[in-house]
Amino acid sequence: MDLHYTDAQNAFRQEVRTWLAGNVPAKRLPSFDTEEGFEAHRAWERKLKEGNWGMVTWPKEYGGRGCDLIEWLIFEEEYFAANAPGRVSQNGIFLLGPTLMEYGTDAQKARYLPAMASGDEIWAQAWSEPGAGSDMAAIRTKAVREGDTYVINGQKIWSSRAVFADWCFGLFRTDPDSARHKGLSMILLPLNSPGVTIRPIAQLDGDPGFAEIFFDDVRVPSENLLGPEHGGWGVAMATAGFERGLMLRSPARFQRTAEKLLALYRENEDTASPATRAAVTQAWMDAQAYCYSTYMTASKLMNGGAVGPETSCNKVFWSELDRAMHRAALSLSGAAAELDAPWLDGYMFSLAGPIYAGANEIQRNIVAERVLGMPRG
Amino acid sequence: MRFLFSEDLETLREGTRSFLEGRNPAERLRQQDSPSLWGELVEMGLLDITDSLPLAESVALFEEVGRVALPEPLADTAAIAVPVLRSLDAAAKRASTSRVAVCHPLCPFANQAADADHILYFDVDRVLLLKPEEAELATQESIDPWRTLSTVRPIGGEVIAESSGASDFAAALGAVAASAELLGLADRMIRMATDYAATREQFGKPIGTFQAVKHLLANAQVKLEFARPVVYRAGFALETPGLTRDIAVAHAKVAATDAAIFAAEQAIQVHGGMGYTFEADLHFFMKRTWALAAIWGSREHHLGVIDQGLFTQSVGTGPQNSFQHKKANGS
């Protein structure tokens, strides 16, 4: 146990800070769920790539810096402290990237990772279907093998970024006679493939942040299979592990929100109630707790340990913390809380947190059954 | 930066756990005349554990003490008196096997003081070391059957320090040890409820299959998972006085208290009517939880410390202030 940064870690922090100070756009970019905003964020990803900051934990040959997880946390801390733009490439760099690193062939890694780190190829997820939301094993969209090609037919829904993204990754039923978790495969495909139709879905704020994807005889080369054929469930669970466990929402994000909430409280101290002061204090404590927990997980992984089902606790914790922080901020905002402003935007987005990446009810089931060993049934 | 206990420590923790679970099973908590385990605790090296381990690592062992609701007041001697006496160059004032009870403004009811070899008595700016016969002890009744409490009025003894530093140090040590024990208690109560839910049947199946029951305990587990690193972080701060330590310790006590009280409430709910009986073991662990929640600074006390830090002293917040950036010498 040593909770001090090394000289090298401090130097790394300084390097990140200096680069961000010289490069983060002064003006908030438009939402990446609009066409204009998406391209502005893609341009930011390219800028990051110029500085070689696309995904610091990846090996150098794939566009990274070979950083360890503690350095990644430091990078994230500086990134959020600098108010740098949201990562439009998050599905790729935080979710698919680590999965590729684990299950991809060398050819796949070389093909996909550098373009992911540079923002040249931005990825959407294709998990859920109209009949397979929380119950993901109910996936029906078929990918039928014909020689060295998969022919895909069916429909995905709630695909974040799919309206403007270049590629998607998802689970498809490759064994037509299979049921539930068996017979699924993880397949990567370009969204401009013939037979793909994207229908945008307007989110709460009116922007098309997610979409339905329709597949009508879409032909995909079999080399786009990631991991074992019919073994996609395990691959997907690894991705979900990263998503819930560590990468998708780094603690810095919530520490930054807590810091802004404290500032908002101070501005409104004369009219704020003790109840809100208590909520602000709790928010700060919980954001810190999530940070400590993540440093502990990172240390465990760096020591050769593995992430287990306890990571389902993370998703429950940070998503409900985020909602509580934004609720407190709106309470402090008085009548202005009704007006379109970052705290209201943030509150709306925070309502999605307990739903996406596996609804919190599912996470609680996983905690009960797989951490505590309670009986299924 | 390494937020992880060493493998040696984890091995020691395992050994301590199996020793404590073996020697202090729940049945022992019903035997008020059970012979003391003090000699065995000494033999295990638990009394002078902070001589052989950094304070940050010793915290993990008190989690194990909490898990079994150990009747012997180990923390008073091992987690508080030994480090405080060492910090005052006064370690020689007690025999290495002796038991020290502690009385402090934040822990005003000394536990098992009449049977102790010494009482370490903290005023705001003065520390006394007394024999039990050098104090007037007035009995107080704890809800916890294993805590024999008394107020302490010194009528003799030796002044071993005259500053607030030792008292502050004791308060931090006491709060972190209690927090660690609360983590162990929370874990134990969640496990007891889990076990009960696996065997108790209603509507033709174990109640643990019902989502409503599962989610009660999942919520308790989430709270515990996010209290544990906060306590470990405070353990690491113990050696370095200052605002960072004060806030880390306060946060630990609040988080551990909330996690354990919440776990207790979910556990009794899952046990149903049985949970409300003396016959079920749960109450021993709930009562220890209530006791430890109250001492070494209540929730109110520690929330006050954090409030001061955030709103008056403007402690560094935000993502760049997760930990101190400078590497301290010798810690």
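Keep in mind that this is a model prediction, so the values were computed, not measured.

### Details of the overall build of chain A
- In terms of helices and strands, chain A carries 11 helices and eight strands.
- Here chain A has a C-alpha radius of gyration of 21 Å; the compact-globule value for 377 residues is 21 Å, and the two agree.
- Along the first, second and third principal axes, the C-alpha atoms of chain A reach 70 × 45 × 45 Å.
- Within chain A, buried positions represent 56% of all 377 residues.
- Put simply, of all contacts in chain A between residues at least 6 apart along the chain, 71% involve residues at least 24 apart.
- Across chain A, 37 positive and 47 negative side-chain charges occur, with their mean positions spaced 2 Å apart.

### Description of the pairing of strand 1 (residues 123-126) of chain A
Residues and elements named next belong to chain A.
- With burial as the criterion, each face of strand 1 is covered, one bearing W123 and Q125 and the other bearing A124 and A126.
- Of the pairings in the sheet, the one linking strand 1 to strand 4 (residues 167-173) comprises four bridges and is parallel in character. The residue bridging Q125 from the neighbouring strand is F169, located in strand 4.

### Observations regarding the sheet that holds strand 4 (residues 127-130) of chain B
All names here are of chain B.
- In space, the four strands of this open sheet follow the order 1-3-4-7, with mixed pairing throughout. Two strands in the sheet have a free side with no partner beyond their single neighbour: strand 1 (100-103) and strand 7 (158-161). Averaged over all pairs of adjacent strands, the angle between their axes in this sheet comes to 25°, without regard to strand direction.
- Sheet topology note: the strand 1/strand 3 (residues 118-122) ladder contains four bridges and is parallel. Its bridge partner being in strand 3, C103 is matched across the sheet by Y121.
- With respect to the sheet, helix 5 (residues 74-87) is in contact with strand 1, strand 3 and strand 7, its orientation differing from that of strand 1 by roughly 80°.

### Details of empty space enclosed by the protein
Residues and elements named next belong to chain B.
- Under the defined criterion, the tally for this structure stands at two cavities of 30 Å³ or more.
- Considering the residues around the largest cavity, the lining is formed by 19 residues, among which A75, D76, R147, E181 and L292 are closest to the centre.
- Considered class by class, the residues forming the lining of the largest cavity number 12 nonpolar, two polar and five charged.
- Counted as a void, the second largest cavity has a volume near 70 Å³.
- Together, T50, L55, S58, V59, F62, A79, L173, V176, A177 and L238 line the second largest cavity.
- Its residues assigned to classes, the lining of the second largest cavity shows eight nonpolar, two polar and no charged.

### Section: the domain arrangement of chain A
Residue and element names in this part refer to chain A.
- Annotation of chain A at the domain level lists domain 1 (7-88), domain 2 (123-231) and domain 3 (249-371).
- Averaged C-alpha coordinates put domain 1 and domain 2 at centres separated by 29 Å.
- Counting residues at the interface gives eight residues for domain 1, matched by eight residues for domain 2.
- Carbon and sulfur atoms supply 53% of the area that domain 1 and domain 2 bury against each other, a total of about 700 Å² over both sides.
- Three residues stand out in domain 1 for area buried against domain 2, namely D33, F38 and R42, and they jointly supply 63% of the buried area on that side.
- Between D166 and R42 there is a salt bridge; the shortest N-O distance is 3.0 Å.
- Here domain 1 and domain 2 share two residue pairs in polar contact (both at pLDDT 80 or more) between them.

### Comments concerning the pattern of salt bridges
- Counting across every chain of the model gives 38 salt bridges over all chains.
- With a shortest N-O distance of 2.6 Å, D307(B) and R277(A) are connected by a salt bridge. Pair noted here: D307(B) is in helix 10 (residues 299-312) and R277(A) is in helix 8 (residues 274-302), and the two residues belong to different chains. The exposure classification of D307(B) matches that of R277(A), with both residues buried.
- Several salt bridges share partner residues, and in doing so they unite E10(B), R13(B), R17(B), E63(B), E64(B), R67(B), D187(B) and R228(B) into one network.

### So, the interface of chain B and chain A
- Taken residue by residue, the interface counts 53 residues in chain B and 56 residues in chain A.
- Roughly 5400 Å² of surface becomes buried between chain B and chain A when both sides are summed, with 66% attributable to carbon and sulfur atoms.
- Looking only at chain B, the three residues that lose the most surface to chain A are M1(B), F226(B) and F311(B), adding up to 16% of its buried area.
- Counting the contacts that link chain B with chain A gives two salt bridges.
- The salt bridge involving K214(B) is made with E369(A); its shortest N-O contact spans 2.6 Å.
- At the junction of chain B with chain A, the criterion picks out 18 residue pairs in polar contact (both at pLDDT 80 or more).
- Elements supplying a minimum of two residues to the side of chain B that touches chain A: helix 4 (55-67), helix 6 (165-199), helix 7 (211-237), helix 8 (243-271) and helix 10 of chain B.
- Considering every element that reaches the side of chain B that touches chain A, the biggest residue donor is helix 7 of chain B, with 16 residues.

### Side note on the packing of aromatic side chains
- A full pass over the atoms with the stated rule returns 32 aromatic pairs over all chains.
- Measuring from centroid to centroid gives 6.4 Å for Y292(A) and F3(B), while their planes differ by 35°, and the two rings are tilted. Of this pair, Y292(A) sits in helix 8 while F3(B) sits in the segment before helix 1 (7-23), on two different chains.
- In this structure F3(B) comes out as buried when scored by relative accessible area, which is 1%.
- Members of the aromatic cluster, joined through ring pairs, are F12(A), W19(A), W44(A), W53(A), F75(A), Y79(A) and F80(A).
- Here the guanidinium or amino end of R13(A) rests over the ring plane of Y5(A), the centre of that ring lying 4.9 Å away.
- Taking the ring centre of F311(B) as reference, the NZ or CZ of R277(A) above it sits at 4.2 Å.

### Points about the pairing of strand 4 of chain B
Residues and elements named next belong to chain B.
- Every second residue of strand 4 is oriented toward a common face, with V127 and L129 on one face and L128 and L130 on the other, all of them buried.
- The sheet contact formed by strand 3 and strand 4 spans four bridges and is antiparallel. Residue pairing for strand 4: Y121 is matched across the bridge by L128.
- Linkage of strand 3 to strand 4, two consecutive antiparallel strands, is achieved through a turn of four residues.
- Summarising the sheet, strand 4 and strand 7 pair through three bridges and their orientation is antiparallel. Considered in strand 7, the bridge of L129 is made with E158.

### Brief notes about the sheet that holds strand 6 (residues 148-154) of chain B
All names here are of chain B.
- Across the sheet, which stays open at both edges, the three strands sit in the order 2-6-5 with antiparallel pairing between neighbours. The open sheet has two free edges, formed respectively by strand 2 (110-111) and strand 5 (135-141), since each of these has just one partner strand.
- Of the pairings in the sheet, the one linking strand 2 to strand 6 comprises two bridges and is antiparallel in character. What sits directly across from N111, in strand 6, is L149.

Thresholds applied
Residues numbered from 1 in each chain as written. Chains lettered and ligands numbered in written order. Predicted model: local features only at pLDDT ≥ 70, side-chain atom pairs only at ≥ 80, totals over all residues. Heavy atoms only, no water. Helix = DSSP H or I, 4+ residues; strand = E, 2+ residues; numbered from the N terminus. Rg over C-alpha atoms; globule rule 2.2 N^0.38 Å. Buried < 20%, exposed > 50% of the residue type's maximum accessible area, 1.4 Å probe, protein only. Contact = heavy atoms within 4.5 Å. Lys, Arg positive; Asp, Glu negative; His and termini not counted. Charge placed at Lys NZ, Arg CZ, Asp CG, Glu CD. Pairing = 2+ DSSP bridges. Axes fitted to C-alpha atoms, helices over the stretch in contact; angles between N-to-C directions. 1 Å grid on protein atoms, 1.4 Å probe; cavity = no way out; pocket = protein on both sides within 12 Å on 5 of 7 lines; lining within 4 Å. Points joined across faces, edges and corners; volume = space filled by probe spheres on them. Nonpolar A, V, L, I, M, F, W, Y, C, P; charged D, E, K, R; others polar. Domains from an automatic or database assignment. Buried area = accessible area lost by both parts, 1.4 Å probe. Salt bridge = Lys/Arg side-chain N within 4 Å of Asp/Glu carboxyl O. Polar contact = N/O pair within 3.5 Å; in protein donor to acceptor, adjacent residues only side chain to side chain. Phe/Tyr/Trp six-rings, centres within 6.5 Å; stacked < 30°, edge-to-face > 60°. Lys NZ or Arg CZ within 6 Å of the ring centre and 35° of its normal.

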